[in-house]
Amino acid sequence: MKYIYFYFCILTVATIATSCDSFLSEDPKGALTEESLFMDENGLDMAITGMYQTFRNVINATENQLYMWCGDDVTSQNTGNKTRFAEYDRFYYNSGNTNLYTSWSNYYVCIKACNNIINNGEAMEIDRTFIEERIGQAYFYRALQYFYLVRLWGSVPLVTDVEVDYETPRASVEAVYELIEADLAKAEAYLPDNHTVSPYSKNGINVSPNKAAAKALLASVSMTQAGWPLKKGAAMYDKAAAKYKEIIDNKATYGYELEPDIRTLVTNQSNYSKEIVLGGFLSFAWWEFASASCEFPEEAGGWCDLLPPLDFFYDFPEGRRKEAYFFTTIYIADAGELVPWDSPRTNQRHPHYKKNVDNSTGWIYDYDTKSYTDENHNWGQGDKTRFLFRYADILLLYAEAVAFGSGAITSEVVDCVLQVQNRAEVPDDRKVTNGMSREAFQKAVLDERRWETCGNEQSVMGRFFTMQRHEILHLQGNYRITNGDLADTSLNPAFASLTGASEQFYYFPIPDQEKLIVPDL
């Protein structure tokens, strides 16, 4: 991890440096050092800023979330520079994939930034409340990075010191979860119900994780341990349900509520929505610029990195949510025309996601006329907030935890799902009802989460992770159209023939670039 450590030093000690060249060419007089950084409140805040710069790199590029293409809600074309996505879409896990290494590196860079704050911040002799509200964020983000790592790679090296021991062995999955839970216990204890000072609060929203975000992540960690590979079962589901319920019972304290119109979520009007439990606020100075071009059609100047599989789109319930989530007409810029998504004039003959459409880009979609206002001919550059946890997630995750746990499926639990379904205008025959069998309710909740969070690569509990812990990744073949005029990419035959979980397909390989540095990995 020499590269990781070197990059970390640049980002967290210099905080505002962004490259080796600019860092090394700085006049050293007055430069920040680790000692001076942790002398007072301003220094600690600067270290936190450096940490957020590293986390920005984790979430601001769709291409770094390769796991997204392994879920049944996303597929890829298999040409040109899209082959790096198609490999993972088809479960050909290439350990030389450059995006795989970038993801691995970004997680550890962020972990090192968190370690710096935790190890130095705890010893600072300043107001304890001030310290805890800051280092609680570092405990939270260290836990989050390890939560991604343990689900994607299983046993991974645990790095908790500022200095790196390059001989650090891979820790067991159980040991990684022990660290995650310990970090989140600290985060939950330290973080406030709501941040009240800038830059941790903006427009009445917690830009940084608060106590509820720590509860959401802790509950999700418990629910993940209930499933594959640890399979701790109902007791962990019950533990998760109780923690999710704490958020629901105290939603007024945290200020959470569902957006009345789900269509708002795909525009920048939701950048500071009260539905956000944890977000990547890309309009904020910490997060800088992000591009939404990845999901836009090529005909309109987009990159078309990801597409909804056709079977997934056909199965998606009709209603306002489907209208909000998908482009079903494609704008052909050269001709200045709108055509149906399945027109032979389109390149992919697919609908497209529009979850990151930002009205500031110049493309405004009018739901009443089903047409676009073309102002600036710019599809890709916006500041749409990324959603890691929404209140809708909490409602559905709570219902899932109850459904697979030992508790009764009460009318209150059913209502949590109905709140989301009613907003989405799900047809009555597809809604949950009181009196459903536990098995039917389990399926209904998993389906509802599949639709509500589809195509959201930054979602902490996104579709791939759900399919992984429920051991249903091998059912991908049921969700692909592989013949006929409109066909999605076929799956790796070896994967499609699986009848259950296999580490070969449920975990990613260690990147080749990292193994060159640390062969024992």
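Residues numbered from 1 in each chain as written. Predicted model: local features only at pLDDT ≥ 70, side-chain atom pairs only at ≥ 80, totals over all residues. Heavy atoms only, no water.

**Some points on the packing of helix α4 (residues 41–59) against helix α6 (residues 98–121)**
To keep it simple, the criterion reads: An axis is simply a line fitted to the C-alpha atoms; with a helix, the fit covers only the stretch in contact. Between two such axes, the angle follows the N-to-C directions and lies from 0 to 180 degrees. Numbering of helices and strands starts at the N terminus; helices are DSSP runs of H or I of at least 4 residues and strands are runs of E of at least 2. Roughly parallel here means an angle under 35 degrees, roughly antiparallel means over 145, roughly perpendicular means 65 to 115, and every remaining angle is called oblique. The crossing is said to be left-handed when, going from far helix to near helix, the turn is anticlockwise and less than a right angle, and right-handed when the turn is clockwise. Note on definitions: a residue-residue contact is assigned when non-hydrogen atoms from the two residues lie within 4.5 Å.
Where α4 contacts α6, the axes come no closer than 8 Å and their chain directions differ by 165°. What the angle tells us is that α4 and α6 run roughly antiparallel. Seen along the crossing, α4 lies across α6 with a hand that is left-handed. Facing Leu44, Ala47, Ile48, Met51, Thr54, Phe55, Asn57 and Val58 of α4, the residues of α6 in contact are Asn106, Tyr107, Val109, Cys110, Ala113, Cys114 and Ile117.

**Observations concerning the packing of helix α14 (residues 391–404) against helix α16 (residues 438–452)**
Applicable threshold: Following the grouping adopted for this structure description, the nonpolar residues are Ala, Val, Leu, Ile, Met, Phe, Trp, Tyr, Cys and Pro, the charged ones are Asp, Glu, Lys and Arg, and the polar ones are all others, Gly among them.
The geometry of α14 relative to α16 is characterised by a closest axis approach of 9 Å and an angle of 155° between their N-to-C directions. Of the possible angle classes, the one that applies to α14 and α16 is roughly antiparallel. Where α14 crosses over α16, the two elements pack in a sense that is left-handed. Counting all contacts with α14, which are made through Ala392, Leu396, Leu397, Ala399, Glu400, Val402, Ala403 and Phe404, the residues of α16 involved are Arg438, Phe441, Gln442, Val445, Leu446, Glu448, Arg449 and Glu452. Its residues assigned to classes, the contact of α14 with α16 shows ten nonpolar, one polar and five charged.

**Section: the pattern of salt bridges**
Test applied: Only one rule defines a salt bridge in this text: a Lys or Arg side-chain nitrogen within 4 Å of an Asp or Glu carboxyl oxygen. Between buried and exposed lies partly exposed: a residue is buried under 20% and exposed over 50% of the maximum accessible area for its type, with that area taken using a 1.4 Å probe on protein chains only.
Scanning the model with the defined rule gives 36 salt bridges in all. Here Glu275 ties to Arg423 by a salt bridge, and the two come within 2.5 Å at their closest N and O atoms. Of this pair, Glu275 sits in the loop between α11 (251–254) and β3 (276–280) while Arg423 is found in helix α15 (residues 411–424), placing the two residues 148 residues apart along the sequence. Since its relative accessible area comes to 0%, Glu275 is described here as buried. For Arg423, a relative accessible area of 8% gives the class buried. Residues Asp315 and Arg450 are paired through a salt bridge, measuring 3.3 Å at the closest nitrogen-oxygen approach. With Asp315 in helix α12 (residues 310–315) and Arg450 in helix α16, this pair connects stretches of sequence that are 135 residues apart. The exposure class of Arg450 is buried, given its relative accessible area of 3%. A network of salt bridges, in which partner residues are shared, links Glu275, Arg321, Arg390, Arg423, Glu448 and Glu452.

**Section: a negative patch on the surface**
Note the threshold: In this analysis, a patch consists of residues with relative accessible area above 30% that form no salt bridge, clustered at 9 Å for like charges and at 5 Å for the nonpolar side chains Val, Leu, Ile, Met, Phe, Trp and Tyr. Throughout, the Shrake-Rupley method with a 1.4 Å probe supplies accessible areas, and for residues the shown protein chains are the sole cover considered. Counting rule for charge: Lys and Arg are taken as positive, Asp and Glu as negative, and neither His nor the chain ends is counted. Each charge is placed at NZ for Lys, CZ for Arg, CG for Asp and CD for Glu.
A grouping of Asp161, Glu163, Asp165, Glu167 and Asp520 is seen on the molecular surface, where their side chains present a negatively charged patch. Inspection of the secondary structure puts Asp165 in the loop between α7 (128–153) and α8 (173–190).

**Re the pairing of β3**
Consecutive residues of a regular strand have side chains that alternate between opposite faces of the sheet. For the record, the criterion: At least two DSSP bridges between two strands are needed for those strands to be called paired.
Across the five residues that make up β3, a large majority, five, are buried. Here β3 runs beside strand β12 (residues 386–390); their pairing, made up of four bridges, is antiparallel. Directly across from Leu278, in β12, lies its bridge partner Phe389.

**A short note on the nonpolar core**
To keep things clear, this is the line we draw: Side-chain atoms within 4.5 Å link the members of a nonpolar core, which is a set of buried Ala, Val, Leu, Ile, Met, Phe, Trp, Tyr and Cys residues.
Membership of the largest hydrophobic core comes to 152 residues, with the highest contact counts inside it found for Phe140, Tyr146, Trp153, Ile180, Tyr244, Phe389 and Phe508. Here the element with the most residues in this core is α7; it accounts for 16 residues. In contact with Tyr146, other than residues within four places in its own chain, are Tyr108, Ile111, Val156, Pro157, Leu158, Val159, Val176, Leu179 and Ile180.

**Remarks on unusual backbone geometry**
Look at the link from Ser198 to Pro199: it is a cis peptide, with omega at 10°. With an omega dihedral of 5°, the bond running from Trp228 to Pro229 counts as a cis peptide bond. Examined against the element boundaries, Pro229 turns out to sit in the loop between α9 (211–226) and α10 (234–249). For Glu425, which is not glycine, the phi dihedral falls at a positive 60°.

**Structural notes on the side chain of Ser220**
We count it as follows: What qualifies as a polar contact is a pair of N or O atoms within 3.5 Å, subject to a donor-acceptor requirement within protein and to the restriction that residues adjacent in sequence count only when both atoms come from side chains.
As for its position among the elements, Ser220 is in helix α9. On the accessibility criterion, Ser220 (0% relative accessible area) is buried. At 2.7 Å, the side chain of Ser220 and the side chain of Tyr244 are in polar contact. Dropping the residues within four chain positions of it, Ser220 is found in contact with Phe147, Tyr244, Phe389, Leu397 and Met461.

**Concerning the packing of aromatic side chains**
Worth spelling out the cut-off: Each Phe, Tyr or Trp ring, with Trp reduced to its six-membered ring, pairs with another whose centre is within 6.5 Å; inter-plane angles below 30 degrees give stacked pairs, above 60 give edge-to-face pairs, and intermediate values give tilted ones. Counted as over-ring charges are cases with an Arg CZ or a Lys NZ within 6 Å of the ring centre that also lie within 35 degrees of the ring normal.
For the structure on display, the rule yields 39 aromatic pairs. With centroids separated by 6.3 Å and ring planes inclined at 85°, the aromatic side chains of Tyr108 and Tyr146 adopt a geometry described as edge-to-face. Pair noted here: Tyr108 is in helix α6 and Tyr146 is in helix α7, with a separation of 38 residues, a long-range link. Under the relative-accessibility criterion, Tyr146 is labelled buried at 0%. Where Trp228 meets Tyr507, the ring centres are 5.0 Å apart and the plane angle is 50°; that geometry is what we call tilted. Of this pair, Trp228 sits in the loop between α9 and α10 while Tyr507 sits in the loop between α19 (503–506) and α20 (512–517), and the two are 279 residues apart along the sequence. Residue classification places Trp228 among the buried residues on the basis of a relative accessible area of 7%. The ring of Phe130 has Arg134 lying over it, and the distance from NZ or CZ to the ring centre is 3.7 Å. The cationic tip of Lys322 hangs over the ring face of Phe313; the distance from NZ or CZ to the ring centre is 4.3 Å.

**Quick look at the environment of Val221**
Along the chain, Val221 falls in helix α9. In this structure Val221 comes out as buried when scored by relative accessible area, which is 0%. As a C-alpha pair, Val221 and Met461 span 240 residues in sequence and 9.6 Å in three-dimensional space. Once residues within four sequence positions are removed from consideration, Val221 is found in contact with Phe147, Tyr177, Ile180, Glu181 and Leu184.

**Some words on the confidence of the model for the chain**
Here is the rule: Confidence per residue, as judged by the predictor, is encoded in pLDDT with a range of 0 to 100.
Per-chain confidence: the chain averages 86 in pLDDT, with 85% of residues scoring 70 or above. Predicted confidence for residues 374–380 stays below pLDDT 50, and this span has 24 contacts to residues more than four positions away or in other chains.

**Observations regarding α14**
The condition is simple: What a helix should span is 1.5 Å times the count of its residues minus one.
In a regular helix each residue adds 1.5 Å, so 14 residues correspond to 20 Å; α14 covers 20 Å between its end C-alpha atoms and thus fits that length. By the criterion of burial, α14 is predominantly enclosed, with 13 of the 14 residues buried.

**Some thoughts on α15**
Formally: A residue's bend is given by the angle between axes fitted to the 7 residues ending at it and the 7 residues starting at it.
Counted at 1.5 Å a residue, the expected span for α15 with its 14 residues is 20 Å, and the 20 Å between its end C-alpha atoms agrees. Largest kink in α15: about 25°, centred on Leu418. In the core, the buried residues of α15 are packed alongside α10, α13 (320–325), β12, α14 and α16. Of the residues one or two after α15, Glu425 is the one with positive phi, at around 60°.

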